[in-house]
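# Structure at a glance
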Amino acid sequence: MSDAHGQRLATCYTPVIMVITIDGPAGAGKSTVARKLAARLELPYLDTGAMYRAIALTAMQQGVELSDTAQLIELARRTRLEVDCGPTHSRVRVDGHDVSEAIRTMSVNQATPFVAGVQAIRDVLVDKQREIGRGLGSFVTEGRDQGSVVFPQAEVKFVLDGSPEKRAQRRHQEMLAEGEDIDYETVLRNVVLRDANDAKQWAALLIPGAAIHIDTSRMSISEVVDRLVGHIQQFTG
């Protein structure tokens, strides 16, 4: 799909208040697809996973034990999170400090499930995500529970999935490109562990008709984005 056509799509869609959610497991390409889709439609992009990562990073920096649920909850409640949602980026600040790159390491990846698995922390961040959403109006958001819990009223909901091996391969390549020294087997184990912890969050979206389910295992990122744009175009007529 050409850039010119993408520009026409953006002109068509942006006057309409539209919330587009993208959920699914780690490594399915959600973040990259969401950024590119938001850029195509000229809509803000909300990376909610970065918010959980930010709390995990802060816990690590402050020496909070990941097994200490009470301290993690208190940390989440007192931490000032700011998310700058642009069409091509999502910058995250914790108490005024930009942590957008620091939250992408494997150590933060491994710590994040301890944070994301605590319902009281999810409640805090869901409230924050809804607050951000109200301010944005129209936006593309991705995570684990965006269409099922945070924005159930979203006009268009997607679930991206893929085989664990393919998703781990994608994530491994991303981490190597970012300078992280990590082996594929470690990334695969982390992906499988996160699947076991996270799958229930988007399970409701797998009911027929609840969301559009796309297996990205054999698709390039550009093909996935084009597929999503096609569905959105059908929705808007």
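Here is what the cut-offs are and how they apply
- Residues numbered from 1 in each chain as written.
- Predicted model: local features only at pLDDT ≥ 70, side-chain atom pairs only at ≥ 80, totals over all residues.
- Heavy atoms only, no water.
- Helix = DSSP H or I, 4+ residues; strand = E, 2+ residues; numbered from the N terminus.
- Rg over C-alpha atoms; globule rule 2.2 N^0.38 Å.
- Buried < 20%, exposed > 50% of the residue type's maximum accessible area, 1.4 Å probe, protein only.
- Contact = heavy atoms within 4.5 Å.
- Areas by Shrake-Rupley, 256 points an atom, 1.4 Å probe, with all protein chains shown as cover.
- Polar contact = N/O pair within 3.5 Å; in protein donor to acceptor, adjacent residues only side chain to side chain.
- Pairing = 2+ DSSP bridges.
- Axes fitted to C-alpha atoms, helices over the stretch in contact; angles between N-to-C directions.
- Core = buried A, V, L, I, M, F, W, Y, C linked by side-chain atoms within 4.5 Å.
- Parallel < 35°, antiparallel > 145°, perpendicular 65-115°, else oblique.
- Nonpolar A, V, L, I, M, F, W, Y, C, P; charged D, E, K, R; others polar.

## Overview of the overall build of the protein
When helices and strands are tallied, the protein shows 10 helices and eight strands. Its C-alpha radius of gyration of 17 Å places the protein within 12% of the 18 Å reference for a compact globule of 237 residues. Looking at the 237 residues of the protein, the share that counts as buried comes to 50%. A fraction of 75% describes how many contacts in the protein between residues 6 or more apart in sequence connect residues 24 or more apart. Accessible surface computed for the protein: about 10800 Å², of which carbon and sulfur atoms make up 51%.

## Overview of helix α5 (residues 106-116)
In terms of residue burial, α5 counts as a mostly covered element, since eight of its 11 residues are buried. Within the sequence span of α5, burial applies to M106, V108, N109, A111, T112, P113, V115 and A116. On the buried face of α5, the contacting elements are α3 (49-61), α4 (69-78), α6 (119-136), α8 (164-177) and α9 (184-202).

## Some points on the side chain of T58
Mapped onto the secondary structure, T58 falls in helix α3. You can call T58 buried: its relative accessible area is 4%. Of the polar contacts made by the side chain of T58, one reaches the backbone oxygen of A54; its length is 2.8 Å.

## Details of the sheet that holds strand β6 (residues 139-143)
Strand pairing in a sheet relies on backbone hydrogen bonds. The paired strands run either parallel or antiparallel. What the five strands build is an open sheet, ordered β2-β6-β1-β7-β8; its pairing is parallel. With one partner strand each, in any of the chains shown, β2 (45-47) and β8 (212-215) form the two edges of the open sheet. Ignoring which end each strand starts from, the neighbouring axes of this sheet average 20 degrees apart. With four bridges joining them, strand β7 (residues 156-161) and β8 adopt parallel strand pairing. When the sheet's bridge partners are listed, L160 is paired in β8 with I214.

## Considerations on the pairing of strand β4 (residues 90-94)
Because side chains alternate across β4, one face comprises the buried residues S90, V92 and V94, and the other comprises R91 and R93, none of which is buried. Where strand β3 (residues 81-85) lies against β4, five bridges are found, and the strand directions are antiparallel. Paired with L81 across the bridge in β4 is V94. The turn joining β3 and β4, which pair antiparallel and follow one another in sequence, is formed by four residues. From the end of β4 to the start of strand β5 (residues 97-98), which pair antiparallel, there are two residues, and D95 there has a positive phi angle of about 50 degrees.

## Focus: the nonpolar core
For soluble globular proteins, nonpolar side chains are generally found buried alongside one another. With 35 residues, the main nonpolar core has L81, I103 and I121 as its most contacted residues. Among the elements of the structure, α3, α4, β3, β4, α5 and α6 are those that each provide at least two residues to this core. Here I121 is in contact with L72, I73, A76 and V115, once residues within four sequence places are set aside.

## Quick look at the environment of A50
With respect to the helices and strands, the residue A50 is situated in helix α3. A residue is classified by how much of its surface remains accessible, and A50, at 0% relative accessible area, is buried. Through-space distance from the C-alpha of A50 to that of E142 is 10.0 Å; in sequence the pair is 92 residues apart.

## So, the packing of α3 against α5
Packing of α3 against α5 leaves a shortest axis separation of 8 Å and a crossing angle of 105 degrees. Between α3 and α5, the crossing angle belongs to the class labelled roughly perpendicular. The segment α3 lies against α5, with Y52, R53, I55, A56, L57 and M60 engaging S107, V108, N109, A111, T112, V115 and A116. Among the residues forming the contact of α3 with α5, the class breakdown is nine nonpolar, three polar and one charged.

From the geometry alone we can't say anything about function, so treat these as descriptive.
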